[in-house]
Number of protein chains: 2
Amino acid sequence: MNKKEIPYKIYLEEKEMPSKWYNVRADMKTKPAPLLNPATLQPMTAKELGTVFCDELVRQELDDVNPYIDIPQEILDFYKMYRPSPLVRAYCLEKKLQTPAKIYYKFEGNNTSGSHKLNSAIAQAYYAKKQGLKGVTTETGAGQWGTALSMACSYFDLDCKVFMVKVSYEQKPFRREVMRTYGASVTPSPSTTTQVGQRILAEHPGTTGSLGCAISEAVEAAASDDGYRYVLGSVLNQVLLHQSVIGLEAKAALDKYGIIPDMIIGCAGGGSNLGGLISPFMGEKIRGERDYHFVAVEPASCPSFTRGRFAYDFCDTGRVCPLAKMYTLGSGFIPSSNHAGGLRYHGMSSTLSQLYDDGLMEARSVEQTAVFEAAEQFARVEGILPAPESAHAIRVAIDEALKCKETGEEKTILFGLTGTGYFDMVAYEKYNNGEMTDYIPTDAELEKGFAGLPKVEK
Amino acid sequence: MNKKEIPYKIYLEEKEMPSKWYNVRADMKTKPAPLLNPATLQPMTAKELGTVFCDELVRQELDDVNPYIDIPQEILDFYKMYRPSPLVRAYCLEKKLQTPAKIYYKFEGNNTSGSHKLNSAIAQAYYAKKQGLKGVTTETGAGQWGTALSMACSYFDLDCKVFMVKVSYEQKPFRREVMRTYGASVTPSPSTTTQVGQRILAEHPGTTGSLGCAISEAVEAAASDDGYRYVLGSVLNQVLLHQSVIGLEAKAALDKYGIIPDMIIGCAGGGSNLGGLISPFMGEKIRGERDYHFVAVEPASCPSFTRGRFAYDFCDTGRVCPLAKMYTLGSGFIPSSNHAGGLRYHGMSSTLSQLYDDGLMEARSVEQTAVFEAAEQFARVEGILPAPESAHAIRVAIDEALKCKETGEEKTILFGLTGTGYFDMVAYEKYNNGEMTDYIPTDAELEKGFAGLPKVEK
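Before going into details, it helps to say that this report is about the structure given with it. (Residues numbered from 1 in each chain as written. Chains lettered and ligands numbered in written order. Predicted model: local features only at pLDDT ≥ 70, side-chain atom pairs only at ≥ 80, totals over all residues. Heavy atoms only, no water.)

1. Let's talk about the packing of helix H8 (residues 173-181) of chain A against helix H17 (residues 425-432) of chain B
- Orientation of H8(A) relative to H17(B), taken along the N-to-C sense of each, is 50°, at an axis distance of 9 Å. As the angle between them shows, H8(A) and H17(B) are arranged oblique. The interaxial crossing formed by H8(A) with H17(B) has left-handed handedness. Contact with H8(A), carried on its side by A:Phe174, A:Arg176, A:Glu177, A:Val178, A:Arg180 and A:Thr181, involves B:Met425, B:Val426, B:Tyr428, B:Glu429 and B:Asn432 of H17(B) and no other residues of that element.
- Grouping the constituent residues of the contact of H8(A) with H17(B) by class yields five nonpolar, two polar and four charged. (Axes fitted to C-alpha atoms, helices over the stretch in contact; angles between N-to-C directions. Helix = DSSP H or I, 4+ residues; strand = E, 2+ residues; numbered from the N terminus. Parallel < 35°, antiparallel > 145°, perpendicular 65-115°, else oblique. Left-handed = near helix turned anticlockwise from the far one by under 90°. Contact = heavy atoms within 4.5 Å. Nonpolar A, V, L, I, M, F, W, Y, C, P; charged D, E, K, R; others polar.)

Here it is in structure tokens:
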């Protein structure tokens, strides 16, 4: 295949778009460990989960057998509004780096929610609507998930209650207004509107909140009204299932041109983007059809893969949720206050945790000043100002491309560009003014988090 | 053609993209009046214009003979990074409005600059680079042009000095940071860095600036260093020429499906988007090949088409620029302070002014509360949070679709969606809080602006 024949952007036609999600758990030899009831330490039943989640989403959450699940027509119709997302050949970045590597990125920021989160938000809103619910509750950190869910709920005329981590609520008032424009109500978390919020505020006066804390509040708010269920933008199996559309499209586009990536890189907070991007490729690897080098990139300030423990833990600060087995820093862990952007969750998807533990992928942590350097470099040549989260993947893609420059290797690198940084200009301003700092938690700090892990027999 | 065969988004393949810009002036029976030297009142010569603009751009500015001008390969290469822009069938909006009208929009916000301005920015930066200049100066109002130009200059490694209307500089600090991330310097205008800025500050202490004033400063800054030239994001013939890529792509995409729009709607400030969108269609209309109904939409608070005079006027507040014949409110006109977003220029493209004066298009003014209502309605169903400027066109498209609902007419409506509203959340917040107000200038207020028009014999 001649280099010149590969366009800047590889689009798929409507008929080439995936009509089923891919469920990587069906192919996994060691299945992800089940969620446990925190009271009984027994696996959560569908009935128990159904008090928190929509019924159909419970089925998806528990399904580790079926490799393909039909995407309902209503969701396909919505996907058509902003998908396929472009798969871009980063010719300009390659030229700037003078690397022989071939760099591709799957750009998920080309919808107004500004990120990949919409892929799962629309699915979860659809199932809530289908079940006849009044609305949904959720948490949001950097705001991408809340924005996406607000948009999805507006489309299906569902009520949407968002608990927004207080530090983001204050640093990102415009994110709040986007959600309100789409008709959502937004409450800074911890708040006094829930019992768990009141308890956390009493225990930690002046706290700027955490995702784990906002999850507790959103779950309580859903549990207290039968017309509502709770929805989550990452971590869960169902979310990775919906996000598989990213990887399926990327693979279809690459296949059209006979391109095989050597390395696939994604940022990882709870794992929604990474899990979605890699899943069909991971399926091939598990089935022994083809080998790929997967890299999860996380902030050095919130290093759940690279420095966390693989153990059962609480998913939320208030400890009202089921226990999940995952790489975790402990549900009390909160990244230092200089940490910008998302990727601040204490845990990680159970599915990705199992894959990582099985040695099927690598994880790296990067510091945020280096991440913003990569973001700026990328923006100036590729014309997209990336979200800080996405820039973690850019950092490693650039590092790898520079290694290829040294060695002369013509590696094909694919990374996930999850979204745009329009709402992260406070962080960019700090970087532009040379005021950005890094922070790596000490071992002693991490030990404090681990001390809070629940005692669960294997 | 079956309705179902028309996809949500009509993309063009790379080979279907325009390789030439279309110069509507070549087909115009009455040519736009030339720019005049304010001292001699004689048409500006290429040599005179060359002290302000790049040489090649001067040639384009003066060319009213050649209908097609080749797009240089370097610009085509850059266009490929974000073009073709999607032409979207607004199925969801149609359904929400229950209209038999068929609504299409050409979405120019799918690049990080967030608007159509990049189409001309990259061209102007390219010609500046080709001429061996150090950099360019410009003004920006709402910030879309400055953002686009910063990105373009970064791509070609050119210095970029932006004078940003002070009210926007203060209301939109994040726009400033985007420009800085792309490497530009940003100065609030009026500033003390130029003589004209000092003079305006002395005459109008406490002024929050205007585009006309920022233009004066940018022109002075360019004139005082031979390594710099001034570039402008709207109004000029050269800008409409570059922006014709919007209309050419839209027409090519519609032609693919045999779709003929009855009505083409665009917002109009200086005319860059409207002129670009309509130009190839207008060419057909002028040549008598097909009739279209064109509608320019402007804010009721800055009504240059609907209430202005067609006369020679200064292009800038400081009166350092050539005179242009255009629909104008007078170079001293500044929209009331409750006016949000762009579309705040006192004048209008000479080309569009002539077309309007020749009766080839209609103009309407709309009030901003109604504009934000349309923006919200559009966002909730189409999933794109529009720039306030773009929402002017949405307002009229919705009005027309609702008329079709009354009459049963199946009109095909095309409108230009120039960009996203990510940086306009202060205005959205006002709207969300019910605090948005309207303002229509009185006749007496407009008379004050007209009193400042220069006396030029026809």
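Having seen it, we continue.
2. A closer look at the interface of chain B and chain A
- Contacts between the two partners involve 42 residues from chain B, matched on the other side by 42 residues from chain A.
- Taken over both partners, the interface formed by chain B and chain A buries close to 4000 Å², and the fraction arising from carbon and sulfur atoms is 58%.
- On the surface where chain B and chain A come into contact, there are two salt bridges.
- Of the charged contacts, one joins B:Glu429 and A:Arg176 as a salt bridge, the two residues approaching to 3.1 Å between their closest N and O atoms.
- Where chain B touches chain A, the interface holds 19 residue pairs in polar contact (both at pLDDT 80 or more). (Buried area = accessible area lost by both parts, 1.4 Å probe. Salt bridge = Lys/Arg side-chain N within 4 Å of Asp/Glu carboxyl O. Polar contact = N/O pair within 3.5 Å; in protein donor to acceptor, adjacent residues only side chain to side chain.)

3. Notes on the relation of the copies chain B and chain A
- For the pair chain B and chain A, the best superposition has an RMSD of 0.0 Å and corresponds to a rotation of 180° with a translation of 0.0 Å parallel to the axis. Classification of the inter-copy transformation places it as that of a two-fold axis.
- When the interface residues of chain B are mapped onto chain A, 100% of them are again interface residues, pointing to one common binding face. (Least-squares fit on C-alpha atoms with pLDDT ≥ 70 in both.)

4. Looking at the side chain of A:Gln238
- Examined against the element boundaries, A:Gln238 turns out to sit in helix H11 (residues 237-256).
- A distance of 2.9 Å separates the side chain of A:Gln238 from the side chain of A:Glu61, its partner in a polar contact.

5. Looking at the pairing of strand E6 (residues 135-140) of chain B
All names here are of chain B.
- Most of E6 is tucked away: six of the six residues are buried.
- Of the two faces of E6, the one holding Gly135, Thr137 and Glu139 and the one holding Val136, Thr138 and Thr140 are both buried throughout.
- Of the strand pairs in this sheet, E6 and strand E7 (residues 159-165) are connected by six bridges, and their pairing is parallel. Each residue of the ladder has a partner; that of Val136, found in E7, is Cys160.
- Following the chain from E6 across helix H6 (residues 144-156) to the adjacent parallel E7, one finds a crossover that is right-handed. (Buried < 20%, exposed > 50% of the residue type's maximum accessible area, 1.4 Å probe, protein only. Pairing = 2+ DSSP bridges. Right-handed = clockwise from strand over helix to strand, strands pointing away.)

6. Points about the pattern of salt bridges
- Tallied over the entire structure, the rule returns 63 salt bridges over all chains.
- For the salt bridge of B:Glu410 with B:Lys102, the shortest nitrogen-to-oxygen distance reads 3.0 Å. Of this pair, B:Glu410 sits in the loop between helix H16 (388-407) and strand E15 (412-417) while B:Lys102 sits in strand E5 (residues 102-107), and the two are 308 residues apart along the sequence.
- Given the relative accessible area of 24%, B:Lys102 is considered partly exposed.
- Across the salt bridge formed by B:Glu400 and B:Lys411, the nearest N and O atoms sit 3.7 Å from each other. Of this pair, B:Glu400 sits in helix H16 while B:Lys411 sits in the loop between H16 and E15, and the two are eleven residues apart along the sequence.
- Residues participating in the shared-partner salt-bridge network are A:Glu362, A:Arg364, A:Glu400, A:Lys403 and A:Lys411.

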